Amino acid sequence: MLDRQAISRIVRHVGADILAHGHMQLEREAYQHGAVTTYEHSVRVAELAVWLADRLHLWHRVDLRSLVRAALLHDYFLYDWHERGDGSHRLHGFRHPARAERNARADFDLNDVEADSIRRHMFPLTPIPPRYLEGVLVNVADKISATAETLSPQRFSRHRSGSRR
Ligand SMILES: [Fe+2]
Ligand SMILES: [Fe+2]
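Every value quoted in this text rests on a predicted model; they were computed, and no experiment measured them.

Draft legend 1. Structural context of the overall build of the chain. For the chain, the helix and strand inventory stands at nine helices and two strands. Starting at the N terminus and walking to the C terminus, you meet the elements of the chain as α-α-α-β-β-α-α-α-α-α-α. Within the span of the chain, comprising 165 residues, buried residues form 35% of the whole. Within the chain, counting contacts between residues at least 6 apart in sequence, those at least 24 apart form 64% of the total.

In structure tokens form, the structure reads like this:
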């Protein structure tokens, strides 16, 4: 069984090229849930997805590299969805998976598993479920992470510290 440190090392090693990309650095500036940046959220989703695959003994059916890459890129939409004054952020939940996939394809070579997992990660908000087990793990890890981040007391700290911008 993999411990937290091992999982963190795996994600940083397998996802090294993605994490180092200039566009990923934009995600460090964009807040996702509460005080958590999209970058932090994406790393957490990747770590949790690897943890789930490990604890559920799925390695005979899951490609580790595709799982980590899909998780790191699942929210690669590259804008701050809270800051659109025109109301288009209301549609963010529906539209950002396709946007993330398009951006990810522009910057990286995606295989089918990675592309499908990114595109379907908002199921059931979007109607088509992930086709691959890797996508199911990203979907579940994303929902767990988003809920934990939204409910975390940490979300209130950014207003006090003024670190948002
Ligand atoms: Fe998302
Ligand atoms: Fe997400």
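Draft legend 2. Highlighting the environment of Gln5. If you trace the backbone, Gln5 turns up in helix α1 (residues 4-14). When the C-alpha positions of Gln5 and Glu47 are compared, they lie 9.9 Å apart, and in sequence the two are 42 residues distant.

Draft legend 3. Structural view of the packing of helix α4 (residues 38-55) against helix α5 (residues 64-73). At a minimum axis distance of 7 Å, the contact between α4 and α5 shows a crossing angle of 150°. With respect to each other, α4 and α5 are oriented roughly antiparallel. Between α4 and α5 the crossing geometry is right-handed. Along the contact surface, α4 presents Ser42, Val45, Ala46, Ala49, Val50 and Ala53, while α5 presents Leu67, Val68, Ala71 and Leu72.

Draft legend 4. Layout of α5. Extensive coverage of α5 is indicated by the burial of eight of its 10 residues. Taken residue by residue, α5 has Ser66, Leu67, Val68, Arg69, Ala70, Ala71, Leu72 and Leu73 as its buried positions. The elements touched by buried residues of α5 are α1, α2 (16-20), α4, α6 (92-107), α7 (112-119) and α8 (133-151).

Draft legend 5. View of the packing of α7 against α8. At a closest axis distance of 8 Å, the pairing of α7 and α8 adopts a crossing angle of 35°. For the crossing formed where α7 meets α8, the hand is right-handed. Every residue of α8 that contacts α7 at Val113, Asp116 and Ser117 is listed here: Glu134, Gly135 and Val138.

Draft legend 6. Fine view of unusual backbone geometry. With an omega of 10°, the peptide bond running from Phe123 to Pro124 counts as cis. Not every positive phi belongs to a glycine, and His57 is a case in point at roughly 55°. Positionally, His57 belongs in the loop between α4 and α5. For His57, a count of 10 C-beta atoms within 10 Å gives the class exposed.

Draft legend 7. Examining the environment of Asn139 more closely. Relative to the helices and strands, Asn139 is located in helix α8. Between the C-alpha atoms of Asn139 and Ala71, which are 68 residues apart in sequence, the distance is 8.7 Å. Excluding anything up to four places from it in sequence, Asn139 contacts His121, Phe123 and Pro130.

Procedures and definitions
- Residues numbered from 1 in each chain as written.
- Chains lettered and ligands numbered in written order.
- Predicted model: local features only at pLDDT ≥ 70, side-chain atom pairs only at ≥ 80, totals over all residues.
- Helix = DSSP H or I, 4+ residues; strand = E, 2+ residues; numbered from the N terminus.
- Buried ≥ 20, exposed ≤ 12 C-beta atoms within 10 Å, placed from the backbone.
- Contact = placed C-beta atoms within 7 Å.
- Axes fitted to C-alpha atoms, helices over the stretch in contact; angles between N-to-C directions.
- Parallel < 35°, antiparallel > 145°, perpendicular 65-115°, else oblique.
- Left-handed = near helix turned anticlockwise from the far one by under 90°.

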